[in-house]
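Examining the three-dimensional arrangement
Chain residues, written in single-letter form:
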Amino acid sequence: LGCIFFLGLGRPIALWTSDVRVVYACFCAMVVALGVLNTLISSACARLASENLLGGLFGMVDAIENCTGIIGPMVGGIVAQYGEHMPIAFVVLCYALNF
């Protein structure tokens, strides 16, 4: 839940402040939180597959994570048409729905 807290609040705080130190602090906390979440997701996925299928599972998980870097900006642009702060609200909602 701490990771969700940093991911959910880090983006709005970083975007609404004009202090560069606060922006760096927020993004550092978010990167660490993402690292923790990715490790948790990978370890949870490792329990889903047998040893001979584990490599393929990790390949699929990595492929999906990499595709989100393509799809995410498109979704963000569509959501931004409904308001300036809607992409941030959408990201926070997605994080909340995951947990």
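Provided above is the structure to which this section pertains.
The following paragraphs examine the structure supplied in this document. Worth saying up front: this structure is predicted, and the values here are computed from it rather than measured.

What counts and how
Residues numbered from 1 in each chain as written. Predicted model: local features only at pLDDT ≥ 70, side-chain atom pairs only at ≥ 80, totals over all residues. Heavy atoms only, no water. Helix = DSSP H or I, 4+ residues; strand = E, 2+ residues; numbered from the N terminus. Buried < 20%, exposed > 50% of the residue type's maximum accessible area, 1.4 Å probe, protein only. Contact = heavy atoms within 4.5 Å. Areas by Shrake-Rupley, 256 points an atom, 1.4 Å probe, with all protein chains shown as cover. Axes fitted to C-alpha atoms, helices over the stretch in contact; angles between N-to-C directions. Parallel < 35°, antiparallel > 145°, perpendicular 65-115°, else oblique. Left-handed = near helix turned anticlockwise from the far one by under 90°. Nonpolar A, V, L, I, M, F, W, Y, C, P; charged D, E, K, R; others polar. Core = buried A, V, L, I, M, F, W, Y, C linked by side-chain atoms within 4.5 Å.

**As for the overall build of the protein**
Broken down by element type, the protein carries 4 helices and 0 strands. Across the protein, helices and strands are ordered from the amino to the carboxyl terminus as α-α-α-α. Among the 99 residues that make up the protein, the fraction classed as buried is 16%. Long-range contacts, defined here as pairs at least 24 residues apart, represent 47% of the contacts in the protein between residues at least 6 apart. Of the roughly 7,200 Å² of accessible surface on the protein, 72% is carried by carbon and sulfur atoms.

**As for the packing of helix α1 (residues 2-16) against helix α2 (residues 20-46)**
Packing of α1 against α2 brings their axes to within 8 Å, and their N-to-C directions diverge by 150°. Between α1 and α2, the interaxial angle falls into the category roughly antiparallel. The way α1 lies across α2 gives a crossing that is left-handed. Along its contact with α1, which presents Cys3, Ile4, Phe6, Leu7, Gly10, Arg11, Ile13 and Ala14, the element α2 presents Val22, Val23, Cys26, Phe27, Ala29, Met30, Ala33, Leu34, Val36 and Leu37. Residues belonging to the contact of α1 with α2 are distributed by class as follows: 16 nonpolar, 1 polar and 1 charged.

**As for the nonpolar core**
If you look at the biggest cluster of nonpolar residues, it comprises 7 residues: Cys3, Ile4, Leu7, Met30, Ala33, Leu37 and Tyr95. For this core, the secondary-structure elements that each account for two or more residues are α1 and α2. Here leucine 7 is in contact with Met30, Ala33, Leu34, Leu37 and Tyr95, once residues within four sequence places are set aside.

From the geometry alone we can't say anything about function, so treat these as descriptive.
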